[in-house]
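Remarks on the overall topology
One letter stands for each residue in the lines below.
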Amino acid sequence: AQSVTQPDIHITVSEGASLELRCNYSYGATPYLFWYVQSPGQGLQLLLKYFSGDTLVQGIKGFEAEFKRSQSSFNLRKPSVHWSDAAEYFCAVGARDSNYQLIWGAGTKLIIKP
Amino acid sequence: EPEVTQTPSHQVTQMGQEVILRCVPISNHLYFYWYRQILGQKVEFLVSFYNNEISEKSEIFDDQFSVERPDGSNFTLKIRSTKLEDSAMYFCASSEGQVAPGEQFFGPGTRLTVL
């Protein structure tokens, strides 16, 4: 069965510092990989996605993620965080053989220190 | 920019009552989804819908749940007899198609509170 693990429940970084949020997945074939962001009281906004091709994908708001097949990982990065990045970040996996239903990680809450 | 909309934004109901959550997907999208997020927990897939029928459903989506596309624009989730544990944020999503892998666009959610 597919699963997604986000090992960090909370991460605190200083404004201007770099960020890496971890995501590991379990799936037999190459999945479709997504990062979504949820601000307090808001819906889910897609940051970026990986379907195939270049394993380093660029997203909105200056985020990027790298797909590493050997590590079954799809970590999200940003070189310099802004206070407005404080939110919860979800990694999700979709697969063709399950009609692209998304399987979600538990989320990582990002806290920005001034 | 087209977006998925959901109504109401917040629904409060008594245990045992029926609720209908409404969604208007993006107009040219063909696949529709419902997810839920219990407070403090991960987002969970409920059901996907294509060509007027359910294409996939999770174990959560039991007989008390149903989905319908009553007209060309709305996509509804009905919970027949709500339970306390149905309290959650319910998200609707839609995607363009499966011929090419599609991004799912999410609505803002309906917060359901069952008392």
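In the block above lies the structure referred to throughout.
Below or above, wherever it landed, is the structure these notes cover. Note that this is a predicted model, so its numbers are computed, not measured.

**Section: unusual backbone geometry**
Put simply, Thr7(B) and Pro8(B) share a cis peptide bond, and its omega is -10°. Assignment of secondary structure puts Pro8(B) in the loop between β1 (5-7) and β2 (10-13). The residue Lys61(A) is not glycine, and still its phi comes out positive at about 60°. Among the secondary structure elements, Lys61(A) is positioned in the loop between β7 (56-58) and β8 (64-68). Classification of Lys61(A) as partly exposed rests on a relative accessible area of 44%. You will see that Asn51(B), though not glycine, has its phi angle at about 55°, which is positive. Among the residues examined, Asn51(B) registers a relative accessible area of 59% and is labelled exposed.

**Description of the packing of aromatic side chains**
Summed over all chains, the structure comprises 21 aromatic pairs over all chains. Pairing Tyr50(A) with Phe74(A) gives two aromatic rings, centres 6.5 Å apart and planes at 45°, and the pair type is tilted. Note that Tyr50(A) is positioned in strand β6 (residues 45-50) and Phe74(A) in strand β9 (residues 73-78), a separation of 24 residues in sequence. The same class applies to Tyr50(A) and to Phe74(A), which are both buried. Counting every residue linked through ring pairs, the aromatic cluster contains Tyr32(A), Phe34(A), Tyr36(A), Phe51(A), Phe90(A), Trp104(A), Tyr33(B), Tyr35(B), Phe45(B), Phe91(B) and Phe106(B).

**With respect to the pairing of strand β12 (residues 108-113) of chain A**
All names here are of chain A. Burial of β12 is one-sided: the residues Thr 108, Leu 110 and Ile 112 facing one way are buried, the residues Lys 109, Ile 111 and Lys 113 facing the other way are not. Bridge count between strand β2 (residues 10-14) and β12: five bridges; the pairing is parallel. Bridge pairing in β12 links Thr 12 to Ile 111. Strand direction decides the pairing type here: strand β10 (residues 87-94) and β12, joined by three bridges, are antiparallel. Note that in β12 the partner of Glu 88 across the bridge is Lys 109.

Analysis parameters
- Residues numbered from 1 in each chain as written.
- Chains lettered and ligands numbered in written order.
- Predicted model: local features only at pLDDT ≥ 70, side-chain atom pairs only at ≥ 80, totals over all residues.
- Heavy atoms only, no water.
- Helix = DSSP H or I, 4+ residues; strand = E, 2+ residues; numbered from the N terminus.
- Buried < 20%, exposed > 50% of the residue type's maximum accessible area, 1.4 Å probe, protein only.
- Phe/Tyr/Trp six-rings, centres within 6.5 Å; stacked < 30°, edge-to-face > 60°.
- Pairing = 2+ DSSP bridges.

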